[in-house]
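Coordinate inspection notes
Listed here are the chains, written in short residue letters.
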Amino acid sequence: MTTRYAALLRGINVGGHRKVPMAELRTVLAGLGLDDVQTYLQSGNAVFGSESGAGEEGLRAELERAIEQHFGFPVDCLVRGGPYLRAVADACPFPAAELEGKQLHVTFFSEQADPERFAALDQAAFLPEEFRLGDRALYLYAPEGLGRSKLAEALGRPALTKGLVGTTRNWNTVVKLVELTRDRQ
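Scoring rules and cut-offs
- Residues numbered from 1 in each chain as written.
- Predicted model: local features only at pLDDT ≥ 70, side-chain atom pairs only at ≥ 80, totals over all residues.
- Heavy atoms only, no water.
- Helix = DSSP H or I, 4+ residues; strand = E, 2+ residues; numbered from the N terminus.
- Pairing = 2+ DSSP bridges.
- Axes fitted to C-alpha atoms, helices over the stretch in contact; angles between N-to-C directions.
- Contact = heavy atoms within 4.5 Å.
- Buried < 20%, exposed > 50% of the residue type's maximum accessible area, 1.4 Å probe, protein only.
- Parallel < 35°, antiparallel > 145°, perpendicular 65-115°, else oblique.
- Left-handed = near helix turned anticlockwise from the far one by under 90°.
- Nonpolar A, V, L, I, M, F, W, Y, C, P; charged D, E, K, R; others polar.

Focus on the environment of F131
As for its placement among the helices and strands, F131 is situated in strand 6 (residues 130-134). A C-alpha to C-alpha distance of 21 Å links F131 and R80, two positions 51 residues apart in sequence.

Next comes the structure, spelled out in C-alpha cells:
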C-alpha cells in the first residue's frame, strides 16, 4: 500500500543561496522510486507516495543523501506522513479559521521538544504573540506576521533549539500539505 508523505526541506532557496530548483528536486525524488512526486511553492515542500516501508526516518535519511549527492550541499529534511500532518492541523490550539495564514505558523521539529526547553522564556513579554507546543511541532501565533515577530526571533535562538532540526511553514502551507498528502483511493 502506498503511503503519502511530505518532505520539508530546511533553509533552501532563501536569498539566492542553496538553490534547489523544484523541477530538479522532483527528478531526484522520482529517481528514488517515489510515486506521484509534486512540489509546492519554491520553499522546499515536496509530497510523494512510497511503498517502501522505510517510514519517516528512513525516507529522511535517503532524501538527505540523494539531495546532497545531486546538489552538492547538505540539506536538513523532515519527512512527515499525511496522518501526522492532519493531526497537527486538527490539534492547532489557535482559532486557525479566524486568522490569516500569515499570522499562524507551525515549526516542525525532528523530535519532540521538551517544554522545559522553553520554560525560561517570558511569554507575557511577547503578547499578543503566543506559542504552544504540539507533537514534534510548535504553533506560533504572530498577528503581524513572522517577519515582524519578536517571539519567533526568541524561539529561534540556538540555546532553545540545540539538537533539534526545525523548519517553519505558515498555516496556508500546512493546510495545503494536509490536502496533498491525503490518501488517494
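So, the sheet that holds strand 2 (residues 35-40)
The strand order across the open sheet built from four strands is 2-3-1-4, with neighbouring strands paired in antiparallel fashion. If you trace the sheet from one side to the other, it starts and ends with strand 2 and strand 4 (77-81), each paired once. On average, adjacent strands in this sheet sit at an angle of 20° to one another, irrespective of strand direction. With six bridges joining them, strand 1 (residues 3-9) and strand 3 (residues 45-50) adopt antiparallel strand pairing. When the bridges of strand 3 are listed, Y5 appears paired with F48. On the sheet, helix 1 (residues 22-31) packs against strand 1, strand 2 and strand 3 and is oriented at approximately 155° with respect to strand 2. Sheet strands touched by helix 3 (residues 82-90): strand 1 and strand 4. Its angle to strand 4, the strand with the most contacts, is close to 85°.

Focus on the side chain of T173
By the secondary structure assignment, T173 is in helix 6 (residues 171-180). Judged by relative accessible area, T173 falls into the buried class, the value being 5%. Apart from residues no more than four positions distant in its own chain, T173 is found in contact with Y40, L41 and N45.

Notes on the packing of helix 1 against helix 2 (residues 55-71)
Running from N to C, helix 1 and helix 2 point in directions that differ by 125°, and their axes come no closer than 10 Å. Classified by the interaxial angle, the pair formed by helix 1 and helix 2 is oblique. Taken as a pair, helix 1 and helix 2 cross one another with a handedness that is right-handed. On the side of helix 1, the interface is formed by E24, L25, V28 and L29, while helix 2 contributes L63, A66, I67, H70 and F71. Looking at the contact of helix 1 with helix 2 residue by residue, the class counts come to seven nonpolar, one polar and one charged.

Thoughts on the sheet that holds strand 8 (residues 166-170)
Pairing is antiparallel in the open sheet, where four strands are placed in the order 6-7-5-8. In this open sheet, the two edge strands, each paired with only one partner strand, are strand 6 and strand 8. Strand-to-strand twist in this sheet, taken as the mean axis angle between neighbours without regard to direction, amounts to 20°. Where strand 5 (residues 104-109) lies against strand 7 (residues 137-141), five bridges are found, and the strand directions are antiparallel. Within strand 7, the position partnered with V106 by the bridge is Y139. Here helix 3 sits on the sheet and contacts strand 5 and strand 7; the angle it forms with strand 5, its principal contact strand, is near 140°.

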